[in-house]
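The chain contents come next:
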Amino acid sequence: MQAQETGYRRFKIESRPAPHVYPIPNRFDVRARKIRLAAMLVHEAFEYRFEKEVVLSRPCIYGVFSGHFGGFKPLKHKCVGCMRCVQEYPHIMTVKPSEAYKKLGDSFWTPEMVYTVWNEASTGKIPVKGMGYKGAFGGEGFDGIWTDMSEIVRPTRDGVYGREYISTSVDVGRKPTSIDLDNVIETPRTIEIPLPIIFDELPNGTDNDDVQTAVALAAGKVGTLDVARETRLGRPGPENLLPLIDEEGIEDYEEKQPSILEFDAEKPSVLRKLLTRFDRSIIIGRLPLREDSGQVASELARQGVHGLHLYADYHGRDYSRDPRHISTALRDVHQQLVRDGLRDQVTIIASGGITLAEHVPKAIICGADLVGIDTTILVALQAEFLGETRNRANCGLRPRRINPEWGAQRLVNLMGVWHDQLIEILGAMGMRDVRRLRGDIGRSMMDSELREQSFKGIAWAT
Ligand code: SF4
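If you're wondering where the values come from, they're calculated on a predicted model, not measured in any experiment.

Procedures and definitions
Residues numbered from 1 in each chain as written. Predicted model: local features only at pLDDT ≥ 70, side-chain atom pairs only at ≥ 80, totals over all residues. Heavy atoms only, no water. Helix = DSSP H or I, 4+ residues; strand = E, 2+ residues; numbered from the N terminus. Contact = heavy atoms within 4.5 Å. Areas by Shrake-Rupley, 256 points an atom, 1.4 Å probe, with all protein chains shown as cover. Lys, Arg positive; Asp, Glu negative; His and termini not counted. Charge placed at Lys NZ, Arg CZ, Asp CG, Glu CD. Near = heavy atom within 4 Å. Nonpolar A, V, L, I, M, F, W, Y, C, P; charged D, E, K, R; others polar. Phe/Tyr/Trp six-rings, centres within 6.5 Å; stacked < 30°, edge-to-face > 60°. Buried < 20%, exposed > 50% of the residue type's maximum accessible area, 1.4 Å probe, protein only. Lys NZ or Arg CZ within 6 Å of the ring centre and 35° of its normal. Right-handed = clockwise from strand over helix to strand, strands pointing away. Salt bridge = Lys/Arg side-chain N within 4 Å of Asp/Glu carboxyl O. Patch = residues over 30% accessible without salt bridge, like charges linked within 9 Å, V, L, I, M, F, W, Y side chains within 5 Å. Core = buried A, V, L, I, M, F, W, Y, C linked by side-chain atoms within 4.5 Å. Pairing = 2+ DSSP bridges. Domains from an automatic or database assignment.

Our focus in this paragraph is the overall build of the protein chain. The helix and strand inventory of the protein chain stands at 14 helices and 16 strands. C-alpha atoms of the protein chain, sized along the principal axes, occupy 95 × 65 × 55 Å. Across the protein chain, every contact between residues at least 6 apart in sequence was considered, and the portion connecting residues at least 24 apart equals 68%. Just so you have it, the protein chain exposes about 24,100 Å², and 51% of that area is on carbon and sulfur atoms. Within the protein chain, the 64 negative side-chain charges are centred at a point lying 7 Å from the centre of the 61 positive side-chain charges.

Bringing the site of the ligand into the picture now. The environment of the ligand is made up of C60, Y62, V64, F65, C79, V80, G81, C82, M83, R84, C85 and V95. Its residues assigned to classes, the shell around the ligand comprises 10 nonpolar, one polar and one charged.

Counted according to the given criterion, the structure contains four aromatic pairs. Relative to Y115, the ring of Y101 lies with its centre 5.3 Å away and its plane at 80°, an arrangement referred to as edge-to-face. Within this pair, whereas Y101 is found in helix α4 (residues 99-102), its partner Y115 is found in helix α5 (residues 111-123), the two being separated by 14 residues in sequence. By relative accessible area, which is 11% here, Y115 ends up buried. These aromatic residues form a ring-pair network of at least three members: Y101, Y115 and W118. A cation over an aromatic ring shows up here: K256 above the ring of Y253, its NZ or CZ 4.6 Å from the ring centre.

Moving on, we come to the pairing of strand β12 (residues 347-351). Counting buried residues along β12, five of its five residues qualify, which places the element largely inside the surrounding structure. Across the two faces of β12 the burial is the same, with T347, I349 and S351 and I348 and A350 all buried. Read from strand β11 (residues 307-311) through helix α10 (residues 326-339) to β12, the crossover connection turns out right-handed. Crossover handedness for the path β12 to helix α11 (residues 359-365) to strand β13 (residues 370-373): right-handed.

Before going further, it helps to examine the pattern of salt bridges. Applying the stated criterion to the full structure yields 32 salt bridges. With a closest N to O distance of 3.7 Å, D340 and R302 form a salt bridge. Of the two residues, D340 sits in the loop between α10 and β12 while R302 sits in helix α9 (residues 293-303), which places them 38 residues apart along the sequence. Put simply, D200, E201, R229, E262 and R286 are held in one network by salt bridges that share partners.

A cluster of nonpolar side chains, namely V42, F46 and F50, defines an oily patch on the protein surface of about 360 Å² accessible area. Taking the relative accessible area as the measure of exposure, F46 reaches 60% and is therefore exposed.

Another aspect to go through is the nonpolar core. Grouped together as the largest cluster of nonpolar side chains are 106 residues, with contacts concentrated most on F199, L330, L337, I373, M415 and W418. Considering every element that reaches this core, the biggest residue donor is helix α13 (residues 404-428), with 12 residues. When near neighbours in sequence (up to four residues on either side) are disregarded, L337 contacts A297, S298, A301, L308, L342, R343, V346 and I348. C60, C85, M93 and V95 belong to the second largest nonpolar core, which has 13 residues in total.

Let's shift gears to the pairing of strand β8 (residues 241-245). Within β8, five of the five residues are buried, which leaves it mostly tucked inside the rest of the structure. Alternating positions in β8 separate into two faces, L241, P243 and I245 on one and L242 and L244 on the other, with burial throughout. As judged from the three bridges shared by strand β7 (residues 226-228) and β8, these two strands associate in the parallel manner. Bridge pairing links D226 to L241 in β8. Sheet analysis places β8 next to strand β9 (residues 260-264), joined by two bridges and oriented parallel. Bridging across to β9, L244 finds its partner in E262.

This paragraph deals with the domain arrangement of the protein chain. When its domains are assigned, the protein chain resolves into domain 1 (28-102) and domain 2 (146-450). A C-alpha centroid distance of 47 Å is found between domain 1 and domain 2.

So, about the environment of W460. Its location among the elements puts W460 in the segment after α14 (447-455). Each C-alpha atom, one on W460 and one on D209, is 56 Å from the other, the two residues being 251 residues apart in sequence.

Below, the structure written as structure tokens:
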């Protein structure tokens with residue numbers, strides 16, 4: 001008899017390098033003033049009596065000057081922007097963001113976001129930012145939310161490699177609020193997934209077969225869900241598929257009885273049909289975020305929906321007359337459900353504008369149970385930016401030809417590195433379970449609120 005494995009198995013996503021297939025621009029333009037460099041080399045040669053080791057020593061530990069021509073022909077793709085060479089030789093070196101790099105993305109996807117996702121997908125490693133963070137400490141949307149890291153000294157802090165297990169599993173579905181032990185006829189309709197991230201439906205016109213296969217393979221490897229409007233025969237990973245069903249498609253799916261499905265909740269009459277015909281499935285209503293989404297969500301929860309998939313546009317703006325960031329819209333829906341005593345009964349999935357690892361815990365703090373990624377999938381697969389990506393019907397991203405296995409590994413790497421970063425942030429907050437973070441707004445600080453508290457009533461000199 002085979003010995004049974006004791007203890008728990010730590011959930012870990014195995015990354016493997018999946019280098020870029022299409023060339024990417026250099027991030028930095030490294031230049032040396034050649035005459036000054038030559039003069040310095042001659043001067044040093046005489047000063048150090050032609051001691052080869054000293055004269056040929058290079059200031060860059062990343063190997064930018066390790067080619068045959070040294071500083072005369074720097075290997076720009078290796079530069080990480082640490083600025084050491086500029087600090088040591090300010091009269092010779094200049095390092096600036098390259099023009100091609102500055103053109104990446106669109107009005108929402110900054111070059112840094114594109115680069116971060118590319119490199120996370122390629123290496124599966126947490127990005128390390130040169131000489132530390134050089135950007136602003138507040139801003140719009142998710143950049144205006146700071147997380148409370150006051151527990152950073154606790155043992156949970158060493159989460160990724162450490163002793164204490166931090167759970168990132170979430171439940172999708174509806175939980176009963178009470179159990180009648182004399183009349184247990186219904187089991188809770190929930191499924192557990194090991195991380196609070198799913199792959200959402202891809203933008204219109206971008207879901208070619210290779211991309212879909214890559215997403216489905218990655219969903220299977222990671223153990224998450226993959227939202228798609230139609231199932232294709234022979235497509236891998238059907239057990240991870242979260243089909244998006246419209247009224248006409250109900251009959252096709254009736255025989256299959258998927259364990260989980262989504263429907264367009266803007267047509268609430270469909271819900272009654274689904275609840276009767278799919279009596280063992282988890283039914284998620286898909287709803288655009290608007291000013292009245294809180295009331296609509298409450299009504300759907302009362303009617304028996306098991307979860308809500310709330311989406312903003314691809315730039316993370318909701319569909320209100322005066323568009324708000326998804327974080328604000330989510331807080332409204334979450335708080336409405338809490339007021340109505342319904343929040344614990346339904347799962348909330350949030351998507352639209354989730355493009356960086358830090359957006360996952362921030363969306364959860366604002367009230368989501370888990371998030372869906374969409375354009376981020378295409379960026380990780382090196383899709384081309386052809387224009388603005390905001391519009392769901394006409395997104396300016398065009399997928400390139402890819403090998404599905406390569407694409408799946410890129411997405412697995414991305415999920416692995418986002419999972420690691422989620423564990424880092426939960427550890428720093430002293431939390432051992434991501435479920436506890438949901439709606440815990442007290443563990444965050446809002447830039448706008450802090451500004452108001454600090455500066456309200458103080459006149460600005462103009
Ligand atoms: S900025 Fe840093 S990485 Fe780039 S060339 Fe200079 S020393 Fe090397």
